[in-house]
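# Secondary and tertiary structure notes
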Amino acid sequence: MSALVDAEHRSRSQERQGSACGNRRLSTQRCDAERGLRGRRVPGYSSGGSEGRTAERRALPVPAQQLAPQKARGTVREPNGCLGASGWLWAARRAGQRRSAPGTAVAPPRPRLMRKHRPGRRRGGVEGMAQRALPLPRQQSFSPPVVPNPFVHPGGPSAGDKLRLVLLGIILLPLRAICMIILLLLSWLSASVATFHHTGGASVPLKGWRRRMIQTTLSCLTRTLFFVMGFQVKVKGKVASLQEAPIFVAAPHSSFFDAIVSAFTGMPSIVSRAENLSTPVFGTILSSLQPVAVSRQDPDSRKNTVAEISSRALSRGQWPQILIFPEGTCTNRSCLITFKQGAFIPGVPVQPVLLRYPNKLDTVTWTWQGYSLKELCIMTLCQLFTRVEVEFLPVYVPTEEERNDPILFANRVRQTMATALKVPVTDHTFEDCRLMISAGQLTLPMEAGLVEFTKISKKLNLKWNHVREQLDTFAAIASASKGGRIGIEEFAEYLKLPISDVLRELFLLFDRNGDGTIDFREYVIGLSILCNPANTEETIHMAFKLFDQDDDGTITEKEFACIIQSALGLPDLDVSNLFKEIDADETGRLSYDEFKNFALEHPEYAKLFTTYLELQRNQVAMAEEDDSVQSSEAKHTPIRKSAVLGSETRPTARNKVCPADCEEDNSSTSDKKDD
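Anyway, here's the lowdown on the structure attached to this text.

This paragraph deals with the environment of L218. The residue L218 is located in helix α7 (residues 209–228) in this model. When the C-alpha positions of L218 and L289 are compared, they lie 9.8 Å apart, and in sequence the two are 71 residues distant.

Our next topic: helix α11 (residues 373–381). Where α11 is concerned, the buried positions are L376, M379, T380 and L381. Residues of α11 that are buried sit in contact with α6 (159–194), β3 (231–236) and β9 (386–392).

With that settled, consider the environment of D472. For D472, the position within the fold is in helix α16 (residues 464–478). Taking relative accessible area as the criterion, D472 reaches 35% and is therefore assigned partly exposed. Considered as a pair, D472 and S438 are 34 residues apart in the sequence and their alpha carbons are 9.0 Å apart.

With mixed pairing, the seven strands of this open sheet are ordered in space as β3-β9-β8-β4-β7-β5-β6. Every interior strand has two partners, whereas the edge strands, β3 and β6 (292–294), have only one. Geometrically, the sheet is characterised by an average inter-axis angle of 25 degrees between neighbouring strands, direction not taken into account. Sheet topology places strand β4 (residues 247–251) next to strand β8 (residues 350–356); five bridges connect them, and they run parallel.

Turning next to the nonpolar core. Counting 57 residues, the largest nonpolar core has L444, F491, F510, F520, Y523 and F560 as the members making the most contacts within it. Broken down by element, this core gets its largest block of residues, seven residues, from α16. If we skip the residues at most four places from it in the chain, F491 touches I486, L503, L506, F507, F510 and I518.

A few words on the state of the cysteines. Enumeration over the complete set of coordinates arrives at zero disulfides. C330 supplies the cysteine sulfur nearest to C433, a cysteine that is in no disulfide, at a spacing of 9.1 Å.

This next bit is on the environment of C179. Summarising the element assignment, C179 is placed in helix α6. Judged by its relative accessible area of 34%, C179 is partly exposed. Spatially, the C-alpha atom of C179 lies 7.0 Å from that of V228, the residues being 49 residues apart in sequence.

About the cut-offs
Residues numbered from 1 in each chain as written. Predicted model: local features only at pLDDT ≥ 70, side-chain atom pairs only at ≥ 80, totals over all residues. Heavy atoms only, no water. Helix = DSSP H or I, 4+ residues; strand = E, 2+ residues; numbered from the N terminus. Buried < 20%, exposed > 50% of the residue type's maximum accessible area, 1.4 Å probe, protein only. Contact = heavy atoms within 4.5 Å. Pairing = 2+ DSSP bridges. Axes fitted to C-alpha atoms, helices over the stretch in contact; angles between N-to-C directions. Core = buried A, V, L, I, M, F, W, Y, C linked by side-chain atoms within 4.5 Å. Disulfide = S-S within 2.5 Å.

From the geometry alone we can't say anything about function, so treat these as descriptive.
Dropping the structure here:
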C-alpha cells in the first residue's frame, strides 16, 4: 500500500513539473504570482513569436521591494526586501528541509527554478544559459541606436572606379589645381581689401562697402571655386533674410566641402578654431567673415563662444547672419547625431539647411574612420563632377517653451530636419569620437568606444572621465577576445570564478541584446544600473557577516571558500587566487576594510551576491508552495507508519550555505514528538 501511495505522489509531482516546464506562458504567470505580481504583463509580449519570447528571456529583475514575498516564518529581511544574513541562512536550510505532518508521505523534491539546459540549444546567446526567472522588460530608453557607428566611411571605390579616377585625374587634376590656386589668390586679395585699415578688428562688424564686397565678390569667387572643382550644386527653397532668421543651422555635417553653403547664404559668419585664423592665405579669407573664434587653450572658451553667438544673434541686424553646424563633428550622413545647444540658446528663429551628396561614388565624406583629407581632395578632383543638393527649409520660429529650453528647441529642429532627410536620429556626440580614439589606443576596435554619450551621461549621471576609466577596465577584460566584446568565458576569468548558474544570470543582466556577448555600452549601463546600486555599504556589510562565520571580525580562506563553493554549487572549487587578490596585506585573513575596498573596486561581485540571494529567495518561495500542496494532500491521504518513518530522512538543498561537514544540525524535532 505504501508503494502505491508513493507512486501516486510521484505521478502528481511529475504532472506539476511537466505543466510548469512545458508551457512558458504558464511559467511566467506562476512567477508573477509568487511575487505578488499576478496579472502583470510584459509590454509587447505575446504567447507566440520570437520577439515576445526574447522580451521574456531578456527581462530585468524588478526592484526587490516589489518582489519580496510575504514575510516567512522565522526569516529576517533587510529594508531593501532581500533576505538578511540570518534570514538567508534559514532560507537556504529551509529549502532543503520540508516538514512532514503526522501521517503524511514525503513528496519528491520540487524541480529547481533554474531549468536544465537542453543539449544543442542556446538561450540568450550563451551556451547552457538558464531561463530567466524574473520577467520584466528592458528600459526602451537604453535600447541600442538604430545606427551603431555614424563615424565610419560608408565604403571605398571599386577596381573600376579606381581605374576611372586615374584616367580622369591625369587630365583634370593638374588643370583644376592651377585654377584653384588662382581663385584662392583672388579671394585673398578681395578679403585683404575688404579688411584693409578696419578699426576694431573682430569686435566691430564690417559695414558699408566692406560688407557688400564680401557678400558679392567673395561669394562669387567661392561659387566659381567649387564649380572648378567639379561640383554641380542644386539649390532648393528660399534663403531667409537677416531679419527672418539670424542663424542658419546646417546638417548633416560630413565634409569640409560643406562650406559650399556659405556661397549661397551671402558669406555669413561661422564658428571656427582660433588657430585657423593664423593660416596663410586661408586665414585672411576666414578673418574677413569675422568668425566666432574658439580657443582650445581657454578653459572658458565654450562659455565665451555661446555668449558671442547670443550677442550677435540679438544685435538686431548689426552683425551678419551666423552659419552653424550644430552636430559639432563629421558623420557619414546615415543619421543626425545630437545637436549642440549653442545655436539655440539665443532663442531666435533659425533656418534649417539640408545637405545631400547623391553620388554613386562617395569621395566627400570625411569621418573618423575612413580616408584622410588629402585622399578625399585628390579623389574629388579626379571625379568628372560631384553632385550637391542644398535645401533651405522654412524658418523655424521657437515657441515660448522652446525659448526657455534650448535642449527641447534643438531636438525639435533636429527632428524636423531628420524627417525631411528621411534618416533616424541618435544620441552620439563628439565625446563618442574621443572614446573611439581611446578604444583604438587600447587595441580595441574603434567602434567599441561608441556608447551614445549624451544619453548615457544624462540618464546615468556619468562624466566623460569616469566612462574613460571604465573603458580601461573593459579593455583589460576583452583583451583576450576578438571583436572587442566580452564573452561568458572572459567574464568568468575576470571574476576568477567558474561558469555557474549564478554567473550566467549576472552575465544575462549585462547582455542586453541577448547576442551572447557584452559590448562596452552594455558594460557601462550594467555597472551603473546593476552593480553600483547593489554595491552599497549595507550589502557589503551583510556579505562580510555572511562570510565571517565565527564572528571574529575577519574572514579566513576556509570560511571564504565555504561560502563561495556553496553559492556556486561547486564543492571542489579553488578560490585561493581570488582570496589572495583580496588579501592586500597577505596575512591570510580578510579584514572588513580589505573586503570593502575590493568590493568597491569590483562592483560586479556585489551584483553577483545579490543575484544569488534572489535565486535562493525564489527557491524558498517555491519550497513553501510545496509545503502548502503537501499539507492539503495529507488531509485526504492515509499513510502507514512505515512511510512516516521514511519521512525523517529529508532531502538536502543543492545550494546550501555550507557543505555538509560545516553545517550544524538544526533540524526540528517537532515531527518526532508528534509521532
